[in-house]
2 protein chains.
Amino acid sequence: MSKIITVSREFGSGGRTIAKRVAEKLGIACYDQEIIDKIAKESGFCEEFIREKGEYANTGSRFFNALSAGYANGLSLQDRLWIEQERIITELASKGDCVIVGRCADVILRDKAQCLKVFIHADMQKRMERIVNVYGETEQPTERRLKDKDKRRKAYYQYYTDTAWGDVNNYHLCLDSGVLGIDSCVELIVSAYNKLG
Amino acid sequence: MSKIITVSREFGSGGRTIAKRVAEKLGIACYDQEIIDKIAKESGFCEEFIREKGEYANTGSRFFNALSAGYANGLSLQDRLWIEQERIITELASKGDCVIVGRCADVILRDKAQCLKVFIHADMQKRMERIVNVYGETEQPTERRLKDKDKRRKAYYQYYTDTAWGDVNNYHLCLDSGVLGIDSCVELIVSAYNKLG
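Within each chain, residues carry numbers counting from 1 in the order of the written sequence. Lettering for chains starts from A, numbering for ligands starts from 1, and both go in the order in which the items are written. Note on the predicted model: pLDDT of at least 70 is required for a residue's local features to be given, and 80 or more for side-chain atom pairs to be given and counted; whole-chain, interface and lining totals, by contrast, use all residues. The side-chain quantities take in all heavy atoms of the structure and omit both hydrogens and water.

### Here we look at the sheet that holds strand E6 (residues 114-121) of chain B
Two strands are counted as paired when DSSP detects at least two bridges linking them. Secondary structure elements are taken from DSSP: a helix is a run of H or I of four residues or more, a strand is a run of E of two residues or more, and numbering for both begins at the N terminus. In spatial order, the strands read E2(A)-E5(A)-E1(A)-E6(A)-E7(A)-E7(B)-E6(B)-E1(B)-E5(B)-E2(B); together these ten strands make up an open sheet with mixed pairing. Each edge of the sheet is formed by a strand with only one pairing partner; in this case those strands are strand E2 (29-31) of chain A together with strand E2 (29-31) of chain B. Here the average twist between neighbouring strands, direction ignored, is 20°. Sheet topology places strand E1 (residues 3-9) of chain A next to strand E5 (residues 98-101) of chain A; four bridges connect them, and they run parallel. Bridge assignment links A:Ile5 to a residue of E5(A), and that residue is A:Val99. Axes here refer to lines fitted to C-alpha atoms; in helices the fit is confined to the stretch in contact. Angles between the N-to-C directions go from 0 to 180 degrees.

### A look at the environment of A:Asp32
All names here are of chain A. Along the chain, Asp32 turns up in the loop between E2 and helix H2 (33-43). Relative accessibility thresholds used throughout: buried, under 20% of the residue-type maximum; exposed, over 50%; partly exposed, between the two (1.4 Å probe, protein chains only). Its relative accessible area of 14% is what places Asp32 among the buried residues. Taking the C-alpha atoms as reference points, Asp32 and Lys20, separated by twelve residues in sequence, lie 8.8 Å from one another. Residues contacting Asp32, with those up to four places away along its chain left out, are Arg16 and Val101. We define a polar contact as two N or O atoms separated by no more than 3.5 Å, with the added condition that, inside protein, one atom must be a possible hydrogen donor and the other a possible acceptor, whereas residues neighbouring each other in sequence contribute only through side-chain atom pairs. In this structure the side chain of Asp32 is engaged in a polar contact, spanning 2.8 Å, whose partner is the side chain of Arg16. Any pair of residues with heavy atoms lying within 4.5 Å of one another is described as a contacting pair.

### So, the relation of the copies chain A and chain B
For the pair chain A and chain B, the best superposition has an RMSD of 0.0 Å and corresponds to a rotation of 180° with a translation of 0.0 Å parallel to the axis. Overall, the copies show the geometry of a two-fold rotation axis. It is A:Cys174 whose C-alpha, among those of chain A, lies nearest the rotation axis, at 2.4 Å. Interface residue correspondence from chain A to chain B reaches 100%, placing this contact among same-surface, isologous pairings. To line up the copies, we fit them by least squares on C-alpha atoms, keeping just the residues with pLDDT of at least 70 in both.

### Describing the interface of chain A and chain B
Facing the 22 residues of chain A at the interface are 22 residues of chain B. Buried area adds together the accessible area that both of two parts lose upon being put together, with accessible area traced by a 1.4 Å probe. A combined buried area of about 1,800 Å² lies between chain A and chain B, and 61% of that area is made up of carbon and sulfur atoms. Whenever Lys or Arg places a side-chain nitrogen within 4 Å of a carboxyl oxygen from Asp or Glu, that contact is recorded as a salt bridge. At the surface where chain A touches chain B, the tally comes to two salt bridges. A salt bridge links A:Lys195 to B:Glu187; its shortest N-O distance comes to 2.8 Å. The tally of links between chain A and chain B comes to nine residue pairs in polar contact (both at pLDDT 80 or more). Broken down by secondary-structure element, the contributors of at least two residues to the side of chain A that touches chain B are strand E6 (114-121), strand E7 (173-176), helix H9 (177-180) and helix H10 (182-195) of chain A. Here three bridges tie E7(A) to strand E7 (residues 173-176) of chain B, and the two strands are oriented antiparallel to one another. Pairing of A:Leu173 across the sheet is with B:Leu175, part of E7(B).

### Section: the pattern of salt bridges
Two side chains carrying opposite charge are able to pair once their charged atoms lie near each other. In the structure shown here, the tally under the stated rule is 30 salt bridges over all chains. Between B:Arg16 and B:Asp32 there is a salt bridge; the shortest N-O distance is 2.9 Å. Taken together, the residues B:Arg16 in helix H1 (residues 15-26) and B:Asp32 in the loop between E2 and helix H2 (33-43) connect sequence positions 16 residues apart. The partly exposed category is assigned to B:Arg16, whose relative accessible area is 37%. What emerges from the salt-bridge pattern is a single network uniting A:Lys38, A:Glu42, A:Glu84, A:Arg87 and A:Glu91.

Shape descriptors only; they carry no functional weight alone.
As structure tokens, then:
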């Protein structure tokens, strides 16, 4: 059975960077953008739709809402994307040890792989700074935007997995990247993973 | 400023054992029973009252409820115990680096020391097994008893600190001791502590 690390993260907490560096250190694959590419290739959904609708509950965007509410074979498009995403994450995990970023992989793989379930968070100020410094956004993102992103991730997760995103009991290791720092988070995850039976 | 590790924990998760071993590894003090002894000596409250009322919201015990509801100088006895506890934890922390178990130390020391705030949890089954194996209780504790203990810790914490106990955002490091194991938890905390600036 594969040994997987799933990384859930608050928006702007550096979870994606941490996941990538953990995978590099362990010499195993990291799936993030790769999942989107694979779904796009195999399902025909466009990349932007997958990025938005494969991890977030509905936004104010009328176009996307109308699109995802469209039904085919009794399922909404978002439901079909979920099924596709579930199939591809299961397939990737079966190939061998890896790190998977977001997309409810922790719940999808619950009975299919041995998972170290990680959650990365940081306080609002640290996350806003990070978005400006790392992604070079010219305008300071608003607290409202960050909260909205997290709220929609949480709602998506709750809807498709019936599990509470960000609830301490659903993870094995929760790290405050703002206080601990990215380097320390990477090392702690690698260390915890190596000790798993 | 002292560098403190505060360990909050679910009942039966092994948090106390982990705290003790972390302190041993780091060669620093660990305050747990010591806090109770010190409060007892300096305040005149009896040990059982401190143990029960310094960390738990009211139980069904009529004796203790009646006692702690007694007012003196406009404060309930439980409020006076809180003040005593806050003073002693602050005093212990000012003496130097240490590990403090429970008793809202993470919030009490918020602006008084550099804290690594740790939360230890584990699933119900693992905690019930631990209580039987480690404490040698002859009867399997009920899920209800464990839930009640945690519920009352949570309520106490909420009342005196206005902060949510067990909320991932209030801790820097949350560990599932059931999955990671006690040894691994000890090492992860030591490593995170050593990396703090």
